[in-house]
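Listed below, chain by chain, are the residues.
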Amino acid sequence: YLPNLPKSFDGITIGQVSDIHSGSFWNKTAVKGGVEMFLAEKPDVIFFTGDLVNNETSEVNNYLPVFEKLRAPLGVFSTTGNHDYGDYRSWNTKADKARNFQDLINAHKQMGFRILMNEHEFLEESGDKLAVIGIENWGAIARFPKYGKLDRAHSGTGEAAVKLLLSHDPSHWDAQVRTEYPDIDVMFAGHTHGFQFGVEIGGFKWSPSQYIYKQWAGLYQEGNQYLYVNRGFGYLAYPGRVGIPPELTLRTLKRG
């Protein structure tokens, strides 16, 4: 519930996908089934919050025809995660690494995603505006890179009644978003995977992830600001999940 949500956007449903990690996939039928399940829910807009690949863009090539089926009436918006830059493998030259990252940006575009690289777009309805802000990876924990420039992406969004941020790493919320940008209503993140291991029964939720990330899975609120951390669609390293299943998220925004 957002107190300043315009009436024309009351009830808008946001579908979120995160952490695809296409380099780990081996069952294309299962991946396709996930996409079809998601589309059957008919979200109004779709957000992808980073980590399309593990190490290099070529990993996603065989899955482009699957993920390009992701469509929504108000568009598909995306941003990058820490694994998308090729930082976790060796490259022969800096030019090769730069070319790989450009290929990743092109892959987003080929799939029909509007990739937001430290920039924003407006959703408009009956004269009302929502700002969709997207930044490159920005992590406050360990050595995760800070490529994101929220000041640049946020600039010019003053006319929007509600501001929605796509930022891959949830540690960004406490470290910068809440302290410097109180007008960002909701941040959508991923990254943690819930460590692909944990227990969620009723209101009880535990994972080793919580010893590193204060916000590691699900919905969090501080004042009038919200953070949603998606548990991830794919996986990394360990080829599976225990107690923390893959996630496709639907969140509905309501006035109130």
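Please read all numbers here as calculations on a predicted model, not as lab measurements.

### Things to note about the pattern of salt bridges
Item 1. Enumeration according to the criterion identifies 13 salt bridges in this entry.
Item 2. Put simply, Lys 163 and Asp 183 hold a salt bridge, and the shortest N to O gap is 3.4 Å. Placement of the pair is Lys 163 in strand 7 (residues 162-166) and Asp 183 in the loop between helix 5 (171-180) and strand 8 (186-189), with a sequence separation of 20 residues.
Item 3. Where Arg 178 meets Glu 222, a salt bridge forms, and the shortest distance between an N and an O atom there is 3.9 Å. Here Arg 178 is found in helix 5, whereas its partner Glu 222 is found in strand 11 (residues 218-222), with 44 residues between them in sequence.

### A closer look at the pairing of strand 2 (residues 45-49)
Item 1. For strand 2, the buried fraction is high: five of the five residues fall into the buried class.
Item 2. Side-chain alternation along strand 2 places Val 45, Phe 47 and Thr 49 on one buried face and Ile 46 and Phe 48 on a second face that is also buried.
Item 3. Pairing of strand 1 (residues 13-17) with strand 2 involves four bridges; the strand directions are parallel. Bridging across to strand 2, Gly 15 finds its partner in Ile 46.
Item 4. For the handedness criterion, the β-α-β arrangement of strand 1, helix 1 (residues 28-40) and strand 2 is classed as right-handed.
Item 5. With four bridges connecting them, strand 2 and strand 3 (residues 76-79) associate as parallel partners. Across the sheet, residue Thr 49 finds its bridge partner in strand 3, namely Thr 79.

So, how was this worked out
- Here the residue numbers are simple positions, counted from 1 along each chain's written sequence.
- The model is predicted, so local features are restricted to residues of pLDDT at least 70 and side-chain atom pairs to those at 80 or more, both for listing and for counting; the totals for chains, interfaces and linings are taken over all residues.
- Only heavy atoms go into the side-chain values, all of them from the structure, while hydrogens and water stay out.
- What makes a salt bridge here is a side-chain nitrogen of Lys or Arg within 4 Å of a carboxyl oxygen of Asp or Glu, nothing more.
- Under the DSSP-based scheme used, a helix requires at least four consecutive residues in state H or I and a strand at least two consecutive residues in state E, with every element numbered from the N terminus.
- Each residue is placed in one exposure class: buried if its accessible area under a 1.4 Å probe, protein chains only, is under 20% of its type's maximum, exposed if it is over 50%, and partly exposed if it falls in between.
- The pairing criterion for strands is at least two bridges between them, as found by DSSP.
- Here the term right-handed applies to a crossover when the path leading from its first strand over the helix to its second strand runs clockwise, the strands being oriented away from the viewer.

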